[in-house]
Structures are given as C-alpha cells and as structure tokens.
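# A structural walkthrough
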Amino acid sequence: MKIEREIKNDHLARIEGKAGVVVEIGDEIRARINVTEGPRFFEILTKEKNYEEAAAICPRICSFCSIPHKLTPLEAIENALDVEVTEQTKLLRQMLYFGNMVESHALHLYLFAIPDYLGYHDALSMAKEYPDLMKNGMDLKNFGAMVQNIIGSREIHPENAVVGGFGKLPEQHEIEKIKKMAYNVIDAAVATVEFFLDYEYPSYVNLERNHLAIKPHNGYGVYGDEIVASDGFYFSVDKYKEYIEEDIAPYSFAKRGKYKGEPFMVGALSRIVNNHNLLEGKAKELLNSHSEFVKAENSFSNNFCQALEIVYFIEKIAEMAENIKIRKEERVKPDKKDGKGYAVTEAPRGLLIYEVEIENDIIKYMNVITPTAMFLPMMEIDARNMAEGMWKNGYKDIDLIGKKVEMVIRAYDPCISCSVHVIRL
Amino acid sequence: MKLRIGIHGLTSCYGCQLRMASVRELLEVAENFEIAYWYMVSSKGEISHVDIAFVEGSVSTAKDEEELKKIRENADVLVAVGSCAIYGGVQGMLFGKEYEEIFKEVYGDNKIEFEGRIGEPLKKYVKVDYNLPGCPPEEEEIIYYLATFAIGSYPEEKDYPVCTECRRKGYPCVLIEKNEPCLGPLTVAGCDARCPGYNVACIGCRGPLPHGIAWFDSLAKTFKEKGMSKEYIKARMEIFGKQYEKMDEMIEKVFEDED
C-alpha cells in the first residue's frame with residue numbers, strides 16, 4: 001500500500017507505561033499500537049516462590065492497580081488452599097479495592113483525560129485556569145489514597161494485605177475518618193460526572209462490540225466467580241481459557257485478547273453496560289438522568305462511566321464505614337499446602353484474572369490476564385476508525401487527527417505496564 | 001532562576017512517577033521547577049537539557065538504553081529513582097538467565113520487532129549521581145530531594161537499615177520475637193518501618209543498604225538458625241537484592257560452612 005500520510009507518535013504522553021501509535025493513510029487506513037514497554041516476565045518471577053512472596057511480587061506489575069494486583073492473587077491463592085477469610089476481611093478488602101477505584105479513576109480523568117477536553121498539555125497548566133476543577137480531582141485522589149493508606153498500609157504496593165487477612169487491622173477511629181471524608185468529597189464526585197455532560201462523543205468510533213464484566217457476588221461489586229458478556233453468554237472464571245484467548249503481534253510486547261475470537265471491551269463502560277441495574281444511590285440517579293451518555297458502541301463513554309463509578313464507590317465506602325465495627329481477629333492460616341485456584345476481580349480498567357498452582361506452599365504455575373491486554377485490539381480498531389472518520393470527512397490536519405486518536409486511546413485508560421507483565425502461552 | 005528538571009520512566013510499574021505525581025500539594029511543588037519533560041503527565045516537552053533528571057525503571061529494552069543515554073547526555077545531575085532504577089527491581093531477579101530462553105518460554109517462536117533485555121539498573125549503562133530509594137519512594141523523601149536541589153544543595157542518602165527506624169518506633173521485632181523472615185536488617189531505611197508496624201515482615205522493597213554494607217550472610221545465618229532452607233532464603237532475598245554484589249555468594253557461604 002502506498003502511504004500518503006502517516007501519524008507517528010513513539011511515546012504516547014499521559015498514559016501509564018510506554019506505547020506508541022502509528023496511523024497510515026493510503027488507499028485504506030491502518031493503525032497500530034506499538035507496545036514498547038519492556039517485558040518483565042512476572043510468571044517466571046513468581047515461580048518457585050512461596051505464595052506469600054509471590055503475592056508481594058504481583059503488585060509490582062502496575063502501580064495504578066497495585067491493589068487489584070495484590071487482592072486478586074490473594075484470592076486465587078486462598079481458593080487454591082481452601083482458605084475461607086472472615087466477613088470482616090471481605091468487607092475491608094472491598095473498601096480497600098473501592099478506594100483504589102476512586103484514586104485510579106480520579107488520576108486518570110484529571111491527570112490524563114480532562115486536559116484533552118479543555119485543550120491543555122497537562123493538568124499542571126490546566127490547574128492555573130481551572131483551580132476549582134483541579135481541586136475536585138485532587139480531593140478525590142486524596143480520598144482514595146487515604147482509604148488505601150488506612151486499610152492497605154500505603155496507596156502503592158500495599159504490604160498489609162496478606163494471605164488470610166491483614167497484618168494489622170485499622171482502628172475504629174480511622175474508619176470514622178474515612179466515613180467523614182467520604183461525605184466531604186461526594187460533591188466533587190458528582191461535579192466530575194457533570195463535567196462530561198458538556199461533551200458529545202465523536203460518532204466515528206461507533207461500533208457494536210462485546211463488553212465483558214464480572215457478575216458480582218454482591219451489589220455493583222468487584223468480586224465474583226463468573227464473567228458475563230453483553231452477548232448474553234456467561235462463564236465461570238475457571239473456564240477463562242476457553243473463551244478468552246490471546247495472540248501475539250510483532251509490534252507489541254503485550255499479548256492481545258480476543259473473546260470468542262473477536263476483539264472486545266472491558267472496564268467502566270463494560271461494567272455499566274452489563275451491571276447498571278446493580279447501581280444504587282446517587283450514581284443510579286445520575287445514570288437515570290443522563291442515560292444517553294452510556295453508549296455501549298462508543299469507547300468515549302468510558303470516561304463518563306468512570307466518573308459515575310467514583311460516585312458509586314464513594315457512597316459505598318461511606319456506607320460500609322458506617323456499618324463496620326472493627327473487632328480483633330487473627331489471620332486465617334491455610335491447612336492445605338497444595339492446590340489450584342482461580343480468581344477474577346474488576347480492576348479499574350476491567351477484568352483481571354489470576355490462576356495459580358501451588359505445591360507444598362510453592363508457586364508452580366501462575367497466569368495473569370490483565371484488562372489492558374484484553375482490550376488492546378478493540379482500542380486499535382477504535383483508533384483506526386477515528387482517523388478514518390476524520391480523514392474521510394475532510395479533516396486533513398494530521399496533527400489534529402493525531403490528537404483525536406490519542407483521545408480515543410486515553411478514553412480506554414490503558415495500563416501498559418499491566419499489559420506487558422507477560423504471561424505464558 | 002527555576003531549576004529545569006525532567007522526569008522519565010523506563011521499564012517499570014510507573015509507581016515512582018505516580019508517587020511523584022501524587023505528592024500532596026503537587027501544584028505548589030511544581031511551581032518551583034521548570035518541567036522540561038514528563039511524558040506520564042504532559043504531552044508537552046521532550047528529552048532535552050535539564051539541571052536534574054529523575055529516572056525510574058530498569059533498562060529492559062534497547063529503547064530504554066537509548067533513552068537513558070540521551071537523558072544522561074542532557075542532564076547535569078541524574079537521579080536513579082526507586083528499586084528498579086537502583087538495583088533492577090523485581091524483574092532484576094532474572095539476572096544471570098538468558099533472555100532468549102525466557103523470551104521463548106513466554107512468546108514461543110513468535111518474533112517481536114523490539115529488542116528486549118534482562119532488566120538491569122541504570123548504573124550498568126550510565127553514571128548515576130544520586131539514588132532516591134523506595135518501591136515506591138516515600139513522599140517525604142521526594143520532597144526532601146526536590147527541596148535540597150531547589151536550594152542549591154544536595155540530598156544525603158541514608159546508609160542505615162530499616163531496623164534503626166523500627167527500634168525508634170518501638171515496634172516488636174518481627175524477626176526475633178515472631179521468627180518471621182524480616183529483611184529489615186539488610187534494607188535501607190526511609191519508610192519508618194511501615195511493614196513491621198503492620199506486623200508484616202519486611203520484604204526488602206527499598207533495596208539493600210548502599211556501600212556494600214548489606215550483610216546477607218549474617219541475616220541468612222539467623223534465618224538458617226530459625227530453620228529456613230537455603231532455597232527459601234535465596235528466593236526471598238533475591239526479590240529486591242539479586243543484583244547486589246555478592247548476594248548469592250554470601251548466602252552460599254553460610255550453608256557451605258556447615259556442609
């Protein structure tokens with residue numbers, strides 16, 4: 001193909017990790033996402049390690065989702081060793097997880113995505129003219145961080161979450177602090193949703209697609225054993241290899257997911273598409289008033305859905321903090337030393353699957369499938385369609401097309417480090 | 001005049017940059033510097049001359065090496081940020097293995113057009129002026145480093161172990177009192193012994209003590225006396241210490257003596 005024009009960006013800014021994008025415009029239009037982040041081979045790093053050490057290594061896959069990369073392997077290990085954690089542990093882990101959701105979404109929206117909407121290179125310069133907006137973002141980020149600091153010991157790589165429970169339980173007065181702060185930031189969360197009401201989604205990326213999400217154990221939660229798809233199909237996590245496959249492209253250190261052989265989407269939009277009936281409170285009200293902003297066929301919708309989720313998770317954290325009375329209890333120690341276990345949770349960017357095999361307390365096999373690896377092919381299609389739509393509609397400014405292509409990619413909130421943790425074939 | 005700084009990530013979890021981007025009062029802190037490049041946060045700027053460059057991550061691809069060299073050539077001072085940049089990070093555990101074999105185990109016979117490597121610390125490729133340790137670094141340390149540079153001074157690196165801070169905090173000793181494999185004695189302080197404070201044994205995430213004073217042999221001997229196997233001790237100590245000079249040797253020695 002003769003290439004007439006080319007858009008090339010070796011290093012996409014304002015995303016987690018290192019990736020580039022190339023769009024070639026000729027008789028047809030092609031796009032590819034080059035994933036240049038180096039491979040780190042986590043499944044080899046965790047092999048032959050005791051499960052406690054392995055669970056401490058996993059969060060290093062990605063800082064933005066280090067809580068999911070701790071809590072999901074813990075769940076897989078506990079499933080393998082038949083460890084039943086207490087109700088209190090389950091509640092605290094959910095709060096911890098929700099705290100991560102709030103922080104991750106707030107960072108993504110305010111630091112990475114919103115500067116595009118307002119025409120800035122970064123949040124730092126944007127903050128000068130939109131100080132109130134940026135304060136909302138920072139307040140939400142700080143709230144999520146506080147929840148993770150109190151329950152997980154820190155916001156990045158939480159060492160306090162361990163197999164069978166926690167090293168140390170939070171104090172009741174710290175839970176009170178979480179509750180108080182949650183009520184303080186809820187307005188900032190609602191304002192975040194309202195921000196996106198001023199923007200229409202570019203129709204060039206409209207395309208029917210499958211959305212996969214967890215079937216939560218309770219509420220609009222992040223834990224479950226089954227995965228539901230928007231085509232009506234559902235399957236249990238231990239069957240994940242039958243329905244989710246990954247292939248390799250020569251321009252990507254990350255593997256690329258397919259559901260039943262087709263590109264698909266996971267993340268906030270996919271969760272809302274599949275589980276919107278489970279939303280409660282203000283998030284539900286906001287969704288009902290602005291349901292036209294949830295467009296299953298348009299990935300730009302993901303930003304609105306992330307904002308909606310911030311509202312939901314803050315209200316949920318407040319509710320849990322209201323009800324929980326911390327009582328002293330010990331970690332549950334496993335009786336078994338061998339087993340095979342699976343776990344799936346909803347990380348901020350979508351489904352996260354862990355599989356482990358343990359022999360005599362040692363990890364013999366670990367497989368991880370991350371959300372970004374799952375949605376990479378779909379993201380590539382949307383990037384291409386954005387470029388094609390603009391080009392065919394008379395836009396000839398390559399820089400402008402490039403910017404819009406970047407916005408498509410950012411809408412997915414890709415986590416490149418996650419995608420290149422690298423799993424076994 | 002404001003100092004011109006650059007912040008960059010090589011192969012990593014991006015946690016050090018995230019920690020830098022999420023310090024309290026980030027906007028006020030940023031006011032004191034001119035940020036020449038920070039891809040994670042801004043789409044403006046590119047690698048160019050700076051007074052101080054902060055680099056996180058390990059060198060794990062040919063592209064990483066190329067970028068690091070360009071950063072070094074254009075920086076008066078280069079700071080290695082975090083365990084990956086200082087010791088190779090958890091991916092540095094593969095040191096000593098053949099990249100091609102590991103690649104094959106994961107990607108099969110597929111070809112990828114970018115050149116990968118076993119992760120190594122920055123100092124293997126360029127001169128590093130300062131280390132800012134942590135996985136990720138603590139907020140106070142980030143502010144301390146930035147502040148000392150901003151007033152025309154230089155940061156002093158800690159050279160004492162986590163135990164020092166743990167004693168000062170008055171936490172029960174996880175190693176002696178609970179017989180857990182705490183790596184506090186080997187690990188550079190700065191975290192205020194957070195994990196022992198949570199009843200969790202230190203995993204060594206901040207990396208071994210600088211200047212060759214991390215005594216893997218003494219601690220391995222203590223672990224051995226508590227009944228831990230050589231394999232277990234190695235597997236735990238190598239997570240953040242694999243590329244520390246003589247780590248393997250020091251652990252082997254403890255077991256050879258008794259054989």
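Computed from a predicted structure; not experimentally measured.

Of regular secondary structure, chain B possesses 11 helices and 7 strands. Taking the principal axes of its C-alpha atoms as reference, chain B extends roughly 60 × 55 × 25 Å. By the burial criterion, 51% of the 259 residues in chain B qualify as buried. Long-range pairs, those at least 24 residues apart, make up 73% of the contacts in chain B with a sequence separation of at least 6.

The next thing to look at is the interface of chain A and chain B. The interface is formed by 49 residues belonging to chain A together with 50 residues belonging to chain B. Listed by contribution, the elements that provide at least two residues to the side of chain A that touches chain B are α1 (42–46), α2 (51–57), α5 (123–129) and α6 (131–152) of chain A. Sorting elements by how many residues they give to the side of chain A that touches chain B places α2(A) first, with 3 residues. Across the side of chain A that touches chain B, the residue classes break down as 22 nonpolar, 13 polar and 14 charged.

Once that is clear, we can look at the pairing of strand β3 (residues 29–35) of chain A. Residue and element names in this part refer to chain A. Most of β3 is tucked away: 5 of the 7 residues are buried. Pairing analysis gives 7 bridges linking strand β2 (residues 19–25) to β3, with the strands arranged antiparallel. Looking at the pairing, Val21 lines up with Ile33 of β3. In textbook terms, the turn of a hairpin is the stretch between consecutive antiparallel strands, and for β2 and β3 this stretch comprises 3 residues.

All names here are of chain B. Taken together, the buried positions of helix α9 (residues 216–225) are Phe216, Leu219, Ala220 and Phe223. Seen from one end, α9 has its buried residues packed into an arc of 105°, which puts them on one side. Looking at the residues trailing α9, positive phi occurs at Gly227, about 95°.

Quick look at the confidence of the model for chain B now. Residues at a pLDDT of 70 or more form 99% of chain B, whose mean pLDDT is 94. Model confidence for the complex is summarised by a pTM of 0.96, with the ipTM given as 0.96.

Here the focus is the packing of helix α4 (residues 87–118) of chain A against helix α11 (residues 301–323) of chain A. Residues and elements named next belong to chain A. Where α4 contacts α11, the axes come no closer than 9 Å and their chain directions differ by 145°. Crossing of α4 against α11: the hand is left-handed. Along its contact with α4, which presents Leu91, Gln94, Met95, Phe98, Gly99, Met101, Val102, His105, Ala106, His108, Leu109 and Ala113, the element α11 presents Asn303, Gln306, Ala307, Glu309, Ile310, Phe313, Ile314, Lys316, Ile317 and Met320. Tallied by class, residues from the contact of α4 with α11 come to 14 nonpolar, 6 polar and 2 charged.

Here we take up the domain arrangement of chain B. Residue and element names in this part refer to chain B. Under the domain assignment used here, chain B contains domain 1 (3–150) and domain 2 (162–258). The distance between the C-alpha centroids of domain 1 and domain 2 comes to 26 Å. Of the residues lining the interface, 15 residues belong to domain 1; the matching set on domain 2 comes to 13 residues. The element contributing the most residues to the side of domain 1 that touches domain 2 is helix α4 (residues 82–87), with 3 residues. In terms of residue class, the side of domain 1 that touches domain 2 is built from 8 nonpolar, 5 polar and 2 charged.

Here we come to the sheet that holds strand β1 (residues 5–9) of chain A. All names here are of chain A. Reading across from one edge, β1-β2-β3 is the order of the 3 strands in this open sheet, with antiparallel pairing throughout. A strand with exactly one partner marks an edge of an open sheet, and here the two such strands are β1 and β3. Each strand axis lies, on average, 10° off the axis of its neighbour in the sheet, ignoring direction. With 5 bridges joining them, β1 and β2 adopt antiparallel strand pairing. Within β2, the position partnered with Lys8 by the bridge is Val22. Each of β1, β2 and β3 is contacted by helix α12 (residues 371–392), which is oriented at about 140° to β3, the strand it contacts most. Docked against the sheet, helix α13 (residues 398–411) engages β1 and β2, running at close to 50° with respect to β1.

Residues and elements named next belong to chain B. Read across the open sheet, the 5 strands follow the order β2-β1-β3-β5-β7; overall the sheet is parallel. The sheet terminates laterally at β2 (33–37) and β7 (130–132), the two strands that pair on one side only. Each strand axis lies, on average, 30° off the axis of its neighbour in the sheet, ignoring direction. Relative to β2, strand β1 (residues 3–9) runs parallel, the two sharing 4 bridges. Bridge assignment links Ile5 to a residue of β2, and that residue is Ile35. Of the strands in this sheet, β1, β3 (50–56) and β5 (75–81) touch helix α3 (residues 62–73), which is tilted by about 135° from β5.

The next point concerns the packing of helix α7 (residues 172–195) of chain A against α11(A). Residue and element names in this part refer to chain A. Here α7 crosses α11 at 160°, and the two axes come no closer than 8 Å. Relative to α11, the element α7 lies roughly antiparallel. The crossing of α7 and α11 is left-handed. Note on element contacts: α11 touches α7 through Ala307, Leu308, Ile310, Val311, Ile314, Glu315, Ile317, Ala318, Ala321 and Glu322, opposite Ile175, Ile178, Lys179, Ala182, Tyr183, Val185, Ile186, Ala189, Val190, Thr192 and Val193. When the residues that make up the contact of α7 with α11 are grouped by side-chain class, the tally is 17 nonpolar, 1 polar and 3 charged.

Further remarks concern the environment of Met407(A). For Met407(A), the position within the fold is in helix α13. Looking at Met407(A), the number of C-beta atoms within 10 Å reads 19, which means it is partly exposed.

All names here are of chain B. Turning to its location among the elements, Trp215 is positioned in the loop between α8 (194–197) and α9. Judged by C-beta crowding, with 15 C-beta atoms within 10 Å, Trp215 ranks as partly exposed. Between the alpha carbons of Trp215 and Cys205 there is a distance of 16 Å; along the sequence they are 10 residues apart.

So, about the nonpolar core. Among the nonpolar cores identified, the biggest contains 226 residues, and Leu308(A), Ala387(A) and Val55(B) are the most heavily contacted of them. By residue number, the principal contributor to this core is α4(A), which donates 15 residues. Taken domain by domain, the makeup of this core includes at least three residues from each of domain 1 (3–150) and domain 2 (162–258) of chain B. Those residues in contact with Leu308(A), other than ones at most four positions away along the chain, are Val193(A), Ile272(A), Ala283(A), Leu286(A) and Leu287(A).

Scoring rules and cut-offs
Residues numbered from 1 in each chain as written. Chains lettered and ligands numbered in written order. Predicted model: local features only at pLDDT ≥ 70, side-chain atom pairs only at ≥ 80, totals over all residues. Helix = DSSP H or I, 4+ residues; strand = E, 2+ residues; numbered from the N terminus. Buried ≥ 20, exposed ≤ 12 C-beta atoms within 10 Å, placed from the backbone. Contact = placed C-beta atoms within 7 Å. Nonpolar A, V, L, I, M, F, W, Y, C, P; charged D, E, K, R; others polar. Pairing = 2+ DSSP bridges. Arc of directions from axis to C-beta. pLDDT = per-residue confidence, 0-100. Axes fitted to C-alpha atoms, helices over the stretch in contact; angles between N-to-C directions. Left-handed = near helix turned anticlockwise from the far one by under 90°. Domains from an automatic or database assignment. Parallel < 35°, antiparallel > 145°, perpendicular 65-115°, else oblique. Core = buried A, V, L, I, M, F, W, Y, C linked by C-beta atoms within 7 Å.

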